[in-house]
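Report on the structure
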Amino acid sequence: LDLTPEAKRNLRGQSITVSFDYILENAVVGRGDTGFGFSVKYTDGTETYVNAFIPAETTAVTKSGRFSATAKIEDKEIDNITGFQPFIYAKSTSGTATVGRPKFEIGTKATQWSPAPEEMARQKDLETLVPMSGDSRIDGVLTVKNIVIE
């Protein structure tokens, strides 16, 4: 994962908290099977591992929540982020494990997931929606089946 020079400077010496939502349904999960991890590689060849994996469950459990893990980034020149995959592992030996809504935050406190500002519909876009086939309007509320914003 390539980071901008500014991002590399901003991460130096910071704590980074990574979090994600999970649902285990009658699931047995092994250590390191559900979550994600990556490494911060420094120009001196050393690395800091950032691992966010829910603890192993050796008997079937049903539970859900938000899991978080925090790692301290060293205050030295960052080369890159390595081993980063754009997905989260969800693996169980029985039952179902579901994960989603990852969030990366500078600091030691995880907060609830929220969409990025660029993912939010703008009010002016919503005001100009024109009902199409399959859409309906009840009491002034437009229910839309498909949205295409250009």
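Structure's up top.
Residues numbered from 1 in each chain as written. Predicted model: local features only at pLDDT ≥ 70, side-chain atom pairs only at ≥ 80, totals over all residues. Heavy atoms only, no water.

Even without a glycine there, the phi angle at Asn26 is positive, about 50°. Mapping Asn26 onto the fold places it in strand β1 (residues 15-29). Located in the positive-phi region is Arg101, a residue other than glycine, with phi close to 55°. For Arg101, the position within the fold is in strand β7 (residues 94-106). By relative accessible area, Arg101 is classed as partly exposed at 48%. (Helix = DSSP H or I, 4+ residues; strand = E, 2+ residues; numbered from the N terminus. Buried < 20%, exposed > 50% of the residue type's maximum accessible area, 1.4 Å probe, protein only.)

This next bit is on the pattern of salt bridges. Scanning the entire structure with this criterion turns up six salt bridges. In this structure, Lys63 engages Glu57 in a salt bridge whose closest nitrogen and oxygen atoms are separated by 2.6 Å. Note on Lys63: relative accessible area 36%, which makes it partly exposed. Glu57 sits in the buried class, given a relative accessible area of 16%. A salt bridge links Lys76 to Glu74, with the nearest nitrogen and oxygen atoms 3.3 Å apart. Through salt bridges that share partners, Asp44, Glu74 and Lys76 make up one connected network. (Salt bridge = Lys/Arg side-chain N within 4 Å of Asp/Glu carboxyl O.)

Our focus in this paragraph is the pairing of strand β3 (residues 47-53). Because side chains alternate across β3, one face comprises the buried residues Thr48, Val50 and Ala52, and the other comprises Glu47, Tyr49, Asn51 and Phe53, none of which is buried. The sheet contact formed by strand β2 (residues 34-42) and β3 spans seven bridges and is antiparallel. Bridge assignment links Ser39 to a residue of β3, and that residue is Tyr49. (Pairing = 2+ DSSP bridges.)

Moving on, we come to the nonpolar core. Core analysis: the largest hydrophobic core is formed by 23 residues, its most contacted members being Leu24, Val40 and Val50. Within the residue set of this core, elements represented by two or more residues are β1, β2, β3, β4 (57-72) and β5 (78-82). Tallying contributions element by element places β1 first for this core, with seven residues. In this view, Val50 contacts Ile16, Val18, Phe36, Gly37, Phe38, Val40, Ala71 and Ile73; residues no more than four positions away in its chain are not counted. (Core = buried A, V, L, I, M, F, W, Y, C linked by side-chain atoms within 4.5 Å. Contact = heavy atoms within 4.5 Å.)

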